[in-house]
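The residues making up each chain are set out below.
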Amino acid sequence: MLTPRKVLDDYFLETRCQLLEIAATLDRLGCADQAAASNAASAGDAAPDDPRRALLKAMLRVLVEDNGANQRAQRLLELHSEP
Amino acid sequence: MRMIQPHYHAIARTAQDYERMAMSGVVAVVEPAFWAGFDRKYPETFLDYFRQISEFEPTRAAEYGIRHWCWVAVNPKEAENRELSRVVLDQMPEFFQKPTVLGVGETGLHKSTPNECEIFQAHVELAMKHDQLVLIHTPHLADKLHGTKKVLEILKGMNVKPERIWIDHVEEHTFAMARDAGYWVGMTLYPITKCSPRRAADLVDRYGYERVLINSSADWGPSDPFLIHECVLEMKRRGYSLNQLIDIFHNNPARFLGQNPKFDIEPIEVRPLNGAKPGSA
């Protein structure tokens, strides 16, 4: 198993990059929401009740939880699984 | 689609890059002087490096039908060595006479130390004195915001022509401050450490592409010259027309670099053969 320092050394920059991509995706969605709200032509694609919005928020909450179980990846996949 | 790669470190790459770029529409690359991965000890090493990128590298690119231009400078990291930098700076005007040298770059800041700031300012002064274009490197990662502000502060105190200066490696937190000050801005696409193709497309969606250059650098580290192609594809998916993409990836570099008459690639557009005005071909 890697040491904590080795995990940070090896994966910090990559994780920073992945988090930036997530942040940019959420910004993209927010900008698209604002554009759809001001443009009747694309209002049909606004999808305000799309369940993936809530799912994304739930998944983000899992990322910052620290209950000691270290099963964030498993929990994300369970959140995204059919019952 | 024809495109220009405005920031590309060819000496760190193999001929396979040139071949694949030529097959995928790249008609020209421009190579700034940069850090070799270790700090050089001797001014002569820089001068030989400048000879390599201004004399030899164009011949290697020409094998694949790609035009090659370059910039000369002591990069910000090695600019910490003031004595060495001053000797190199004294020799740089000789290279401004060469047919493929477009200006001074990449200068700028790395850790924004007093020595770096002094040598950066000396580079800009030299460029202005000799009517050269300037390419400015802004720092990496956590140093970028402070360093970009410092670059703008130094430039503000100098007699410069903003339209002849390109501030490179901007991201979400530095794009607007650099472009709003009148400079050209560059987004450098890297796999991990700078901007990504999607985030660059987001910034163009948000701010437009006036005075914007998109490059993928490509050097001896983890990097990929074809990230600009990935960005083209991302923007195509978002509805940008062929002529808009040509404007971003070919014409904007031609406009900025063409301020030096040595760079003779003109902006273009695609028109239907029947003479109709260009549409969203």
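Model, not experiment: these values are computed from the prediction.

Undergrad: Before we go on, may I ask you to explain the overall build of chain A in this structure?
TA: Along chain A, the regular secondary structure elements total 3 helices and 0 strands. Starting at the N terminus and walking to the C terminus, you meet the elements of chain A as α-α-α. Here the C-alpha atoms of chain A give a radius of gyration of 17 Å, more than 25% beyond the 12 Å that 2.2 N^0.38 yields for 83 residues. A buried classification covers 8% of the 83 residues belonging to chain A. Summed over all atoms, the accessible surface of chain A reaches about 6800 Å², with 59% contributed by carbon and sulfur. If you average the places of the 10 positive and of the 13 negative side-chain charges in chain A, the two averages end up 4 Å apart.

Undergrad: Honestly, the domain arrangement of chain A in this entry has me stumped. Any pointers?
TA: Accessible area lost when the parts come together is the quantity often used to give the size of an interface. All names here are of chain A. Entries for chain A in the domain assignment read domain 1 (1-47) and domain 2 (49-83). Taken together, the contact pairs 6 residues of domain 1 with 5 residues of domain 2. Approximately 460 Å² of surface area, both sides summed, lies buried where domain 1 meets domain 2, with 61% of it carried by carbon and sulfur atoms. Its largest share of buried area at the contact with domain 2, domain 1 owes to Leu26, Leu29 and Ala47, together 70% of the area lost on that side. Counting every contact that joins domain 1 to domain 2 gives 1 salt bridge. A salt bridge links Asp33 to Arg53, with the shortest nitrogen-to-oxygen separation between them at 2.7 Å. For the side of domain 1 that touches domain 2, the class distribution of residues is 5 nonpolar, no polar and 1 charged.

Undergrad: Please clarify how the interface of chain B and chain A should be interpreted in this entry.
TA: The partner chain A presents 10 residues to the 10 residues of chain B that form the contact. Interface of chain B and chain A: buried area, both sides summed, is about 910 Å²; carbon and sulfur atoms make up 55% of it. Among the residues chain B hides against chain A, the three largest losses belong to Leu141, Ile192 and Arg199 of chain B. Together they make up 49% of the total. One can count 1 salt bridge joining chain B with chain A.

Undergrad: Any chance you could explain the environment of Ala127 of chain B here in plain terms?
TA: Residues and elements named next belong to chain B. Relative to the elements of secondary structure, Ala127 occurs in helix 4 (residues 114-129). By relative accessible area, which is 0% here, Ala127 ends up buried. When the C-alpha atoms of Ala127 and Phe96 are compared, they prove to be 9.4 Å apart, with 31 residues separating the residues in sequence.

Undergrad: Just to check I follow, could you spell out the pairing of strand 2 (residues 26-31) of chain B for this structure?
TA: Each regular strand shows side chains that alternate between the opposite faces of the sheet. Residues and elements named next belong to chain B. The buried fraction of strand 2 amounts to 6 of the 6 residues, a majority that puts the element mostly inside the structure. Examined bridge by bridge, strand 1 (residues 3-5) and strand 2 share 3 bridges and lie parallel to one another. Within the sheet, the bridge partner assigned to Gln5 lies in strand 2 and is Val29. Remark: the strand 1/helix 1 (residues 15-23)/strand 2 crossover connection has right-handed handedness. In this sheet, strand 3 (residues 67-72) lies alongside strand 2 in parallel orientation, the contact comprising 4 bridges. Each bridged residue has a counterpart across the sheet, and for Glu31 the counterpart in strand 3 is Cys70.

Undergrad: Explain the sheet that holds strand 4 (residues 101-108) of chain B here, please?
TA: Residue and element names in this part refer to chain B. Across the sheet, which stays open at both edges, the 8 strands sit in the order 1-2-3-4-5-6-7-8 with parallel pairing between neighbours. Since the sheet does not close on itself, it has two edges, and those belong to strand 1 and strand 8 (212-215), each with one partner. Across the sheet, the mean angle from the axis of one strand to that of its neighbour is 25°, orientation sign disregarded. Running over the sheet, helix 3 (residues 82-96) touches strand 3 and strand 4 and is turned about 150° from strand 4. Most of the contacts of helix 5 (residues 144-156) go to strand 6 (residues 165-168), to which it runs at about 165°, and overall it touches strand 5 (133-137) and strand 6.

Thresholds, definitions, all that
Residues numbered from 1 in each chain as written. Chains lettered and ligands numbered in written order. Predicted model: local features only at pLDDT ≥ 70, side-chain atom pairs only at ≥ 80, totals over all residues. Heavy atoms only, no water. Helix = DSSP H or I, 4+ residues; strand = E, 2+ residues; numbered from the N terminus. Rg over C-alpha atoms; globule rule 2.2 N^0.38 Å. Buried < 20%, exposed > 50% of the residue type's maximum accessible area, 1.4 Å probe, protein only. Areas by Shrake-Rupley, 256 points an atom, 1.4 Å probe, with all protein chains shown as cover. Lys, Arg positive; Asp, Glu negative; His and termini not counted. Charge placed at Lys NZ, Arg CZ, Asp CG, Glu CD. Domains from an automatic or database assignment. Contact = heavy atoms within 4.5 Å. Buried area = accessible area lost by both parts, 1.4 Å probe. Salt bridge = Lys/Arg side-chain N within 4 Å of Asp/Glu carboxyl O. Nonpolar A, V, L, I, M, F, W, Y, C, P; charged D, E, K, R; others polar. Pairing = 2+ DSSP bridges. Right-handed = clockwise from strand over helix to strand, strands pointing away. Axes fitted to C-alpha atoms, helices over the stretch in contact; angles between N-to-C directions.

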